[in-house]
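# Remarks on the overall topology
Each chain, letter by letter, is given below.
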Amino acid sequence: MSRKLTPRQVIARSYPTWDYAMADRLIAWLDDCGYEIVEKGAAHMGASLVPAAPASTPSHESTH
């Protein structure tokens, strides 16, 4: 059975001494920049490059 690591552990292990302080700073920086770490396979709204159209906006065809 595989071991599941937290995002903090994955980032920390990329440094030679498992630097948890650096991992915390990196996660805080990503959060400050508007990024979010999500579970693999989780559905999230920000994945598309095409913005979703609001449902309440009338189309151009109906205004003519």
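## Details of the overall build of the protein
Along the backbone of the protein there are 2 helices and 0 strands. Residues classed as buried in the protein amount to 5% of the 64 residues present. Carbon and sulfur atoms provide 59% of the accessible area of the protein, an area that totals close to 6,200 Å².

## Quick word on the pattern of salt bridges
A full pass over the atoms with the stated rule returns 1 salt bridge. The partner of Arg8 in a salt bridge is Asp24, with the nearest N and O atoms 2.6 Å apart. Taken together, the residues Arg8 in helix H1 (residues 7-12) and Asp24 in helix H2 (residues 20-32) connect sequence positions 16 residues apart. For Arg8, a relative accessible area of 34% translates into the label partly exposed. For Asp24, a relative accessible area of 35% puts it in the partly exposed group.

## Here's the deal with the environment of Ala21
Mapped onto the elements of the fold, Ala21 is located in helix H2. Along the primary structure Ala21 and Arg8 are separated by 13 residues, whereas in three dimensions their C-alpha atoms are 9.5 Å apart.

## Some thoughts on unusual backbone geometry
The phi torsion at Trp18 lies on the positive side, around 50 degrees, for a residue other than glycine. Relative to the helices and strands, Trp18 resides in the loop between H1 and H2. What makes Trp18 partly exposed here is its relative accessible area of 35%.

## Here we look at H2
If you check H2, its first and last C-alpha atoms are 18 Å apart, about what 13 residues at 1.5 Å a residue would give, namely 18 Å. Just past H2, the residue Gly34 takes up positive phi, approximately 95 degrees.

## Quick word on the packing of aromatic side chains
As enumerated under the stated definition, the model contains 1 aromatic pair in all. Where Trp18 meets Tyr20, the ring centres are 6.3 Å apart and the plane angle is 50 degrees; that geometry is what we call tilted.

Quick notes on the rules
- Residues numbered from 1 in each chain as written.
- Predicted model: local features only at pLDDT ≥ 70, side-chain atom pairs only at ≥ 80, totals over all residues.
- Heavy atoms only, no water.
- Helix = DSSP H or I, 4+ residues; strand = E, 2+ residues; numbered from the N terminus.
- Buried < 20%, exposed > 50% of the residue type's maximum accessible area, 1.4 Å probe, protein only.
- Areas by Shrake-Rupley, 256 points an atom, 1.4 Å probe, with all protein chains shown as cover.
- Salt bridge = Lys/Arg side-chain N within 4 Å of Asp/Glu carboxyl O.
- Expected span 1.5 Å × (residues − 1).
- Phe/Tyr/Trp six-rings, centres within 6.5 Å; stacked < 30°, edge-to-face > 60°.

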